[in-house]
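# Reading the structure
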Amino acid sequence: MRKRNIQIIVRLNAKEQQNIAKQVKKSGLSQEAFIRSLINGYIPKELPPPDYFAMTRELHAIGGNLNQIAAKANATGHIDKTVFQYEANRLRKAVQNIMEAVTAPERRTDG
């Protein structure tokens with residue numbers, strides 16, 4: 001059984017339909033998911049640019065490199081663990097901030 005079994009029919013003019021279709025396409029969501037987001041008080045963000053995913057992959061690779069450096073330095077005893085941990089946390093937070101800034105929906109400010 002479907003979780004959503006209530007159907008609402010909304011009539012739009014051509015301009016309204018084109019407007020919503022354009023916004024839906026930019027968001028990458030289905031029309032239904034886009035409208036549900038609006039109903040729940042969120043404005044879906046546009047899909048991130050294609051290079052966003054390349055950038056996050058690069059940041060993750062840097063994080064992997066930091067981990068390798070840490071393992072090697074840990075074996076040789078030539079690294080300050082506190083400094084490394086601080087930098088690793090900064091990297092994780094930066095990736096999280098980028099992802100949230102680009103993909104997370106924003107709460108509407110109008111009442």
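What you see is a predicted model, and the numbers here were worked out from it, not measured in a lab.

Regarding its fold elements, the protein presents four helices and two strands. Walking the protein from its N terminus toward its C terminus, one meets helices and strands in the order α-α-β-α-α-β. Relative to the 2.2 N^0.38 estimate, which gives 13 Å for 111 residues, the radius of gyration of the protein is 22 Å and therefore markedly larger than a compact globule would have. Projected onto its principal axes, the C-alpha coordinates of the protein cover approximately 70 × 35 × 30 Å. For the protein, with 111 residues in total, the buried portion stands at 16%. Counting contacts in the protein only where the partners sit at least 6 residues apart, residues at least 24 apart contribute 56% of the total.

The next subject is the packing of aromatic side chains. What the rule picks out here adds up to one aromatic pair. Geometrically, the ring pair formed by Y52 and F53 is edge-to-face, given 4.9 Å between the ring centres and 75 degrees between the ring planes. On the basis of relative accessibility, which here comes to 41%, the residue F53 falls in the partly exposed class.

Nonpolar side chains collect at one region of the surface, where I6, I8, V10 and L12 lie side by side and expose about 470 Å² of accessible area between them. Tracing the backbone through its elements, the reader meets V10 in the segment before α1 (14–27). Under the relative-accessibility criterion, V10 is labelled exposed at 61%.

Conventions and cut-offs
Residues numbered from 1 in each chain as written. Predicted model: local features only at pLDDT ≥ 70, side-chain atom pairs only at ≥ 80, totals over all residues. Heavy atoms only, no water. Helix = DSSP H or I, 4+ residues; strand = E, 2+ residues; numbered from the N terminus. Rg over C-alpha atoms; globule rule 2.2 N^0.38 Å. Buried < 20%, exposed > 50% of the residue type's maximum accessible area, 1.4 Å probe, protein only. Contact = heavy atoms within 4.5 Å. Phe/Tyr/Trp six-rings, centres within 6.5 Å; stacked < 30°, edge-to-face > 60°. Patch = residues over 30% accessible without salt bridge, like charges linked within 9 Å, V, L, I, M, F, W, Y side chains within 5 Å. Areas by Shrake-Rupley, 256 points an atom, 1.4 Å probe, with all protein chains shown as cover. Salt bridge = Lys/Arg side-chain N within 4 Å of Asp/Glu carboxyl O.

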